[in-house]
Amino acid sequence: MSRNAAVTRAGSEQALAVYQELRARPEAGFDEVADRFELTADERERCRRELASLGLTAAHGDSGPAPLRPLVVDPDVALLRLLRRERDRLQDRLAATSRAHTALEALAGPFLRAGAPPRSEVEVEIVTDPQRVLRELSDLTGTVRTAVHVMHTGSVRREDMTAELERDRSRAARGVRVRAMYSRRVGTVPEMTQHLEDRAALGVELRLSPVVPMNMVLADENFALLPTDPHDPGSPAILARGPGLVRSYLALYEYCWQAAARYGEEPGEPGGDGLSDQQRAALHMLASGIKDEQIARSLGVSLRTVSRLLSEVMQELGAASRFEAGVKAARLGLLDGEGPEPVA
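Residues numbered from 1 in each chain as written. Predicted model: local features only at pLDDT ≥ 70, side-chain atom pairs only at ≥ 80, totals over all residues. Heavy atoms only, no water.

J.: Honestly, the pattern of salt bridges in this entry has me stumped. Any pointers?
T.: A side chain of one charge can pair with a side chain of the opposite charge when the charged atoms of the two come close. With the rule as written, the count across this model stands at 24 salt bridges. The residue Arg48 makes a salt bridge to Asp31 at a minimum N-O spacing of 3.6 Å. Of the two residues, Arg48 is situated in helix α4 (residues 41-53) and Asp31 in helix α3 (residues 30-36); the sequence distance between them amounts to 17 residues. When its relative accessible area of 23% is taken as the criterion, Arg48 is described as partly exposed. With its nearest N and O atoms 2.7 Å apart, the salt bridge here joins Glu136 to Arg241. Of this pair, Glu136 sits in helix α6 (residues 130-143) while Arg241 sits in strand β9 (residues 237-241); the two residues are 105 residues apart in sequence, bridging distant segments of the chain. Given a relative accessible area of 11%, Glu136 falls into the buried group. Bridged by salt links that share partners, the residues Asp31, Asp35, Arg44, Glu45, Arg48 and Arg49 form one connected network. (Salt bridge = Lys/Arg side-chain N within 4 Å of Asp/Glu carboxyl O. Helix = DSSP H or I, 4+ residues; strand = E, 2+ residues; numbered from the N terminus. Buried < 20%, exposed > 50% of the residue type's maximum accessible area, 1.4 Å probe, protein only.)

Written as structure tokens, this is what we have:
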């Protein structure tokens, strides 16, 4: 293969070509394949890191030096391993959250109440009774003042749809903002399609996402309800009150909301101001001080794609720098969901 043909394979394309060659020639070492494609030292290292990070190559044990003779892993096996690692990582975070909740329960006792004003108190409770959860949600409908933010990992039960629409009418009558995020797959369920249309007609802001991490209900920066185990809808619920803790959950919700697509729009379709949902998410994270590497991991894209997205954002906003893009985005209300400020 000529050098000109090799250099046209950039980033993931080069890694894909190397991987396919390693699968076709299992007896070949990594450097032998890299020599065949005439890769530079930087390109070799980038391909080696990318294949290893995806779990598509691994150390080959006693058959040779790992960097020279990698073990090629089938894509389905690598995917299962990656999913297992992500599941374990989520379970570790959940365990850490549970420990934090235990500590917060202690702090919500005499230590916190000794010096904090009532509004700043944090209360955390594990609720095991499903009827108690339903009562809390029913009471919330009548007490919420400003906004409710909801995540659904799946479809709403048919018997719950009517009650949900009644809650929407009640909140709309009192001027309460309601946002609801669903997994994109619910759009394939006819009953859910009609239910989403009914909710949208009542003024509920809806978005769909390929991944919704857990069921969650937030209200007024002072109420949070979420499961102790995101993988088990029947697990006990975490009931948290107090802005100090609830704002942390709201930050997670805001990130997921920015990354999701508006109901009725194709994923990635411009949202009326020239920015796609993916560009909005990158812009929002940039303005929050998140580094490019974290943005790439959060969006599931490469660093090169992040740079391209932010360049497109700068071009759309007419900004000469990322800082200027953040300033203009804030002024236009793109970071808080509000409309543009009047131009003087």
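After that view, the rundown keeps rolling.
J.: Help me understand unusual backbone geometry, please; the structure alone is not making it clear to me.
T.: Leave glycine aside and you will find that most residues have negative phi; peptide bonds, for their part, are mostly trans. The backbone of Glu38 shows a phi angle near 55 degrees, a positive value even though the residue is not glycine. Along the polypeptide, Glu38 turns up in the loop between α3 and α4. Judged by its relative accessible area of 36%, Glu38 is partly exposed. A positive phi is found at Asp220, a non-glycine position, where the angle reads about 55 degrees. Note that Asp220 resides in the loop between β7 (216-219) and β8 (223-227).

J.: Looking at this structure, how should I read the confidence of the model for the chain?
T.: Detailed reading of predicted coordinates is not advised where the pLDDT is low. On average, residues of the chain score 77 in pLDDT, and 81% of them are at 70 or above. Across residues 1-9, confidence stays below pLDDT 50; counting only partners more than four residues off in sequence or on other chains, it has 15 contacts. Confidence drops under pLDDT 50 across residues 337-344; counting only partners more than four residues distant or on other chains, this segment forms 12 contacts. (pLDDT = per-residue confidence, 0-100. Contact = heavy atoms within 4.5 Å.)

J.: Looking at this model, I keep getting lost on the nonpolar core. Mind explaining?
T.: The tendency in soluble globular proteins is for nonpolar side chains to be buried side by side. Met151, Met181, Met216, Leu218, Ala224, Tyr249 and Tyr253 are the most contacted members of the largest nonpolar core, which has 20 residues in total. For this core, the secondary structure elements donating two or more residues are β7, β8, β9 and α9 (243-259). For this core, the leading source of residues is α9, giving 7 residues. Discounting residues that sit within four places of it in the chain, Met181 has contacts with Val150, Met151, His152, Arg207, Tyr253, Cys256, Trp257 and Ala260. (Core = buried A, V, L, I, M, F, W, Y, C linked by side-chain atoms within 4.5 Å.)

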